[in-house]
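Descriptive analysis of the structure
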Amino acid sequence: MTEFKDNNVKASTKSVWAGEKEYRAFGASQVPVVHSVAYTYDDLDHWYDVAIGKTKGHIYGRNTNPTVESFEKKVQELEGAEAATSFSTGMAAISNSLATFLRPGDRVVSVKDTYGGTNKIFSEFLPQMNIDVMLCETGNEAQIEEEVNKGCEILYLETPTNPTVKITDIEKMVKIGHDAGALVFVDNTFATPINQNPLEYGVDLVLHSATKFLGGHADALGGVICGSKELVEQVYHYREINGATMDPMAAYLMIRGMKTLHLRVRQQCESAMKIATFLKNHEQIDQVFYPGLEDHPGHDIAKRQMKDFGGMFSFSMKGGLEAVKLFLPKLELANRAANLGSVETTVGPARTTSHVENTPEERAALGIPESLVRYSAGIEDTDDLIRDLTQALAYLPEPVAAKSY
Ligand SMILES: *Cc1c(COP(=O)(O)O)cnc(C)c1O
């Protein structure tokens, strides 16, 4: 399935080389950005053969584009997939994938802790189309199994979750889903293909917001899915008609960003582990949510199914939301922004980032404290980041004993 002669080529090497060679032009060593909307043909029979898919080639930019295809091939190699297709955003990847396979009367089982936008699709848009959605307690395997066994077309998972970084046992869920005849989807955005390859456990579709770690520089939006040719082609068909196509310039930025994916992720994991440990022992911090910490409920599963624990963690503060408002602006080495996975450390309260679409009541029901801060470790020096946190936390008054949420 791999494009490399050597079957043992590692993810780091794939990040750099995969998906590129067949898309270079004019002897250039880099993939070009092909901005052309359409492709010209002097031979009408050739044009027809490309149009019906008999011969390789491109017809129109909403369907395919060489730069975009190169990006898809790179992710496909990294996930060890048979096929991949891309989208204008991560949410487009998610909504198009769901819309491809769901019909009125169908049922989806998922967990409460999915990305805020995904959660909105489940709570607002799918019910409008007469699709029933059951959101289980994340990590409650018995409940998920029971609900799946009542019948469902899709078991939709995200692990680790955004923003509470909960872990779901992929292998176990695949068995439960497949035994009930459901397709199993996993949003792999937080883990990245460097740390986790859900297809290895039999997952049907892996989804990514490429906007985050894959691009890695917070300068391009995109989404991508990987899976079998049979499933991916169906989603591709939905997307080519409905039009949530990735822009070629975004694809170029993704390709360029992904060349350093393995280096960035390695540094981000190392920093996340050290900073999570530092914060856990800090008097101002209430709880730290990071699967790399041994007391995290998903630690053992994460250890089994992930190569490393990822660059994302979150924490709540003893001083509540007021403490967050005071301390977060004092950080010098962090963007206070609604994204993650970038080379710069990025922080934000869940209530203004991942779950801004939800009401305080909904957030409480999802187990998200109002003082929860999402921390996406960048690639800066770890000690510099810890010193920055130390000086910012020093602005806070002595912590009160009781939780204020
Ligand atoms: C950001 C994100 C998405 C949505 O991606 P966009 O590119 O912003 O549309 C989906 N899932 C997860 C886990 C995310 O972090």
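Conventions adopted
- Residue indices begin from 1 for each chain and proceed along its sequence in written order.
- Reporting of local features is limited, given that this is a predicted model, to residues whose pLDDT is at least 70; pairs of side-chain atoms are given and counted only at 80 or more, and all residues count toward the totals for whole chains, interfaces and linings.
- Remark: hydrogens and water are excluded; side-chain values derive from all non-hydrogen atoms of the structure.
- Think of each axis as a best-fit line through the C-alpha atoms, taken over the contacting stretch in the case of a helix, with angles from 0 to 180 degrees between the N-to-C directions.
- To qualify as a helix, a DSSP run of H or I must reach at least 4 residues; to qualify as a strand, a run of E must reach at least 2; elements of each kind are numbered from the N terminus.
- Take the far helix as your reference; a near helix turned counterclockwise from it by less than a right angle gives a left-handed crossing, and one turned clockwise gives a right-handed crossing.
- Two residues form a contact once any of their heavy atoms are found within 4.5 Å.
- Each residue gets one label: Ala, Val, Leu, Ile, Met, Phe, Trp, Tyr, Cys and Pro are nonpolar, Asp, Glu, Lys and Arg are charged, and the others, such as Gly, are polar.
- Bear in mind that the domain bounds are from an automatic or database domain assignment.
- The term buried area refers to how much accessible surface (probe radius 1.4 Å) is lost by two components on association, counted for both of them together.
- Every case where a carboxyl oxygen of Asp or Glu lies within 4 Å of a side-chain nitrogen of Lys or Arg is listed as a salt bridge.
- Think of it this way: DSSP has to see at least two bridges between two strands before they count as a pair.
- With strands facing away from the observer, any crossover in which the path from the first strand over the helix to the second runs clockwise is taken as right-handed.
- Among buried residues, those of type Ala, Val, Leu, Ile, Met, Phe, Trp, Tyr and Cys that are joined through side-chain atoms within 4.5 Å constitute a nonpolar core.
- A 1.4 Å probe rolled over the protein chains alone gives each residue an accessible area, and that area as a share of the maximum for its type sets the label: buried under 20%, exposed over 50%, partly exposed in between.
- Classification of ring pairs rests on two measures: the distance between centres of Phe, Tyr or Trp rings, Trp counted by its six-membered ring, which must be within 6.5 Å, and the angle between planes, read as stacked under 30 degrees, edge-to-face over 60 and tilted in between.

**Focus on the packing of helix α4 (residues 90–101) against helix α5 (residues 116–128)**
- Packing of α4 against α5 brings their axes to within 10 Å, and their N-to-C directions diverge by 40 degrees. Here the hand of the crossing between α4 and α5 comes out right-handed. Taking contact as the criterion, the partners of M91, I94, S95 and L98 in α4 are, on α5, G117, T118, I121, F122 and L126.
- Residue composition of the contact of α4 with α5, grouped by class: 6 nonpolar, 3 polar and no charged.

**Considering the domain arrangement of the chain**
- According to the domain assignment, the chain contains domain 1 (11–258) and domain 2 (261–393).
- For domain 1 and domain 2, the distance between their C-alpha centres works out to 26 Å.
- With 42 residues of domain 1 at the contact, the number on the domain 2 side is 38 residues.
- The junction of domain 1 with domain 2 conceals about 3,200 Å² of combined surface from both sides, 59% of it contributed by carbon and sulfur atoms.
- Taken together, the links from domain 1 to domain 2 amount to 1 salt bridge.
- Across the pair D169 and R304 runs a salt bridge, and its minimum N-O distance is 3.4 Å.
- Elements with a contribution of two residues or more to the side of domain 1 that touches domain 2: α1 (11–17), α5, α7 (170–179), α8 (192–195) and α10 (248–258).
- A per-element tally of the side of domain 1 that touches domain 2 places α8 first, with 4 residues.
- Each residue belonging to the side of domain 1 that touches domain 2 can be placed in one class, and the counts come to 17 nonpolar, 17 polar and 8 charged.

**Notes on the pairing of strand β3 (residues 132–136)**
- The pairing of strand β2 (residues 107–111) with β3 spans 5 bridges and is parallel. In the sheet register, V111 faces β3, and the bridge partner there is C136.
- Note that the unit made of β2, α5 and β3 has a crossover that is right-handed.

**Re the nonpolar core**
- If you look at the biggest cluster of nonpolar residues, it comprises 45 residues, and the most contacted ones within it are F71, I144 and L155.
- Ranked by residues supplied to this core, first place goes to α10 with 5 residues.
- Ignoring any residue separated from it by four or fewer positions in sequence, one finds L155 in contact with V109, I144, V148, M173, G177, A182, L183, V184 and F185.

**As for the environment of L155**
- Within the fold, L155 resides in strand β4 (residues 154–158).
- For L155, a relative accessible area of 0% puts it in the buried group.
- Through-space distance from the C-alpha of L155 to that of M134 is 9.8 Å; in sequence the pair is 21 residues apart.

**Thoughts on the packing of aromatic side chains**
- Counted under the stated rule, the structure contains 9 aromatic pairs.
- Where F101 meets F185, the ring centres are 6.1 Å apart and the plane angle is 70 degrees; that geometry is what we call edge-to-face. Separated by 84 residues along the polypeptide, F101 in helix α4 and F185 in strand β5 (residues 183–187) bring together distant segments of the chain. An identical accessibility class is assigned to F101 and F185; each is buried.
- One aromatic cluster is present, built from ring pairs that chain together Y290, F309, F313, F315, F327 and Y375.

**Let's talk about the pattern of salt bridges**
- What the rule picks out here adds up to 21 salt bridges.
- Among the ionic pairs, K56 bridges to E22, the shortest N-O distance being 3.1 Å. Here K56 is found in the loop between α2 (44–51) and α3 (66–79), whereas its partner E22 is found in the loop between α1 and α2, with 34 residues between them in sequence. Accessibility assignment for this pair places K56 and E22 in one class, exposed.
- Measuring nitrogen to oxygen at the nearest pair gives 3.9 Å for the salt bridge that ties E72 to R239. On the criterion of sequence distance, the pair formed by E72 in helix α3 and R239 in helix α9 (residues 229–242) is long-range, its members being 167 residues apart.
- On the basis of relative accessibility, which here comes to 8%, the residue E72 falls in the buried class.
- Residues participating in the shared-partner salt-bridge network are R107, D132, E147 and K150.

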